[in-house]
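Coordinates in review
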Amino acid sequence: MWVVPESAISGLVDEQSAFEAIEGCFAAMARRDAYNFPVVREALGEGRQYGFKSGLDRVGGILGVKAGGYFPGNAARAIPNHQSTVYLFDPESGKPTAMVGGNLLTALRTAAASSLSIKYLARADAKVLGMVGAGHQSTFQMRAAVRQRQFEKVIGWNLHPEMLTRLEDTATELGLPFEAVELDQLGAEADVIITITSSFEPIIEDRHIRPGTHLACMGTDTKGKQEVASDLLARAAVFTDEVAQSISIGEAQHAVAAGLLHESAIRELGAVINGTHPGRSSADEVTLFDGTGVGLQDLAVASKAVELAIASGLAQEIDF
Ligand code: NAD
């Protein structure tokens, strides 16, 4: 059994390898070669959340589980609040094959998902990237997004404006100008908008969004969370990683519950990757990707990390 510790991941998996792993993962899901098992999520008390995301890629030969959650007391322990570990198993024998640090991989696979949605759904001439949210995930999101289009500017909004320096610093590193804006301006100027917040109320209203915009809504991964108004989902062409998660814990949960969007109208991004759905239908269409975060994403990037770690001698082998 291979062990790939968290400390090794940053030198192994980069944006490009995460992107390729997630592209293959979404494509396999849409072909029904791979599927996710039901998510387990439990509140442990004192704000602690713990859960499991798991799945099987029959063709890729990947079986495993990501175990982890949110532990707010960790700040006092000087370790990240989000803690996760991926365990991989041989799908034939059930024997464990690897244990992989999952913290950085979670950020990389989440950013790869929204970046894929930009590749396949945003207008080719997109120039302005709008960011809503300035937390830990936001920098990964921005870095992955700018690889997909010739963005000339980043604009951003956050509920807590003092956090916007994080977006400004990242944009500067990427050689792009940054401007903090109000939501009206964000909607009027951005061609692509990424939302990555912990919001439980809609931040973006339908009136904010002009025709032709692509939104990647990445923050809503739990029942009750919401980043954009339900009537915007009714107007948009909605795509997701997995329909079952989109309607239960994703951004679409509210529009579906309100009867504004039918489950059958939500498409898998993997179908666009496979060429079985055309994706954007016109330059004026609003496209929206509901990125809920599926277990197979975690397994795909963890498998990549193991492959790269073995090749570079960074994986530790233990007799188990
Ligand atoms: P973080 O705690 O570092 O940052 C939270 C962000 O949300 C900040 O911008 C903060 O200002 C904003 N925020 C907090 N409360 C808010 C509120 N009530 N209304 C509006 N904005 C609010 O978190 P993070 O690690 O950057 O993660 C952001 C979100 O992304 C979380 O909800 C997390 O669960 C989710 N997430 C989703 C996936 C996925 O696969 N879809 C993966 C990882 C994280």
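First things first, this report covers the structure right here in the doc. This one's a predicted model, so the numbers in the text were calculated from it and none came from an experiment.

Each value, and the rule that gives it
- Residues numbered from 1 in each chain as written.
- Predicted model: local features only at pLDDT ≥ 70, side-chain atom pairs only at ≥ 80, totals over all residues.
- Heavy atoms only, no water.
- Near = heavy atom within 4 Å.
- Polar contact = N/O pair within 3.5 Å; in protein donor to acceptor, adjacent residues only side chain to side chain.
- Areas by Shrake-Rupley, 256 points an atom, 1.4 Å probe, with all protein chains shown as cover.
- Helix = DSSP H or I, 4+ residues; strand = E, 2+ residues; numbered from the N terminus.
- Nonpolar A, V, L, I, M, F, W, Y, C, P; charged D, E, K, R; others polar.
- Contact = heavy atoms within 4.5 Å.
- Buried < 20%, exposed > 50% of the residue type's maximum accessible area, 1.4 Å probe, protein only.
- Pairing = 2+ DSSP bridges.

1. Re the site of the ligand
If you check the shell around the ligand, you find 23 residues, and the closest are Arg109, His136, Asn158, His160 and Lys225. Note that an oxygen atom of the ligand is positioned 2.8 Å from one of the backbone N or O atoms of His136. Backbone polar atom of Gln137 to an oxygen atom of the ligand: 2.9 Å apart, as the coordinates give it. Here the ligand has 860 Å² of accessible area as a free molecule, and 81% of this is covered by the chains. The set of elements that each furnish at least two residues to the shell around the ligand consists of helix 3 (103-121) and helix 4 (136-145). Among the residues forming the shell around the ligand, the class breakdown is six nonpolar, 14 polar and three charged.

2. Observations regarding the side chain of Glu268
Tracing the backbone through its elements, the reader meets Glu268 in strand 16 (residues 267-268). One polar contact links Glu268 to Arg32, side chain to side chain, over a distance of 3.0 Å. Apart from residues lying up to four places away in sequence, Glu268 is in contact with Met29, Ala30, Arg32, Phe239, Thr240, Asp241 and Val243.

3. Focus on the pairing of strand 15 (residues 237-240)
Side chains Ala237 and Phe239 project from strand 15 onto one buried face, and the interleaved Val238 and Thr240 project onto a second face that is buried too. The sheet contact formed by strand 15 and strand 17 (residues 287-290) spans four bridges and is parallel. Counted as the bridge partner of Val238 is Leu288 from strand 17. Bridge analysis of strand 15 against strand 16 gives two bridges, and the strand direction is parallel. The partner of Phe239 across the bridge, within strand 16, is Arg267.

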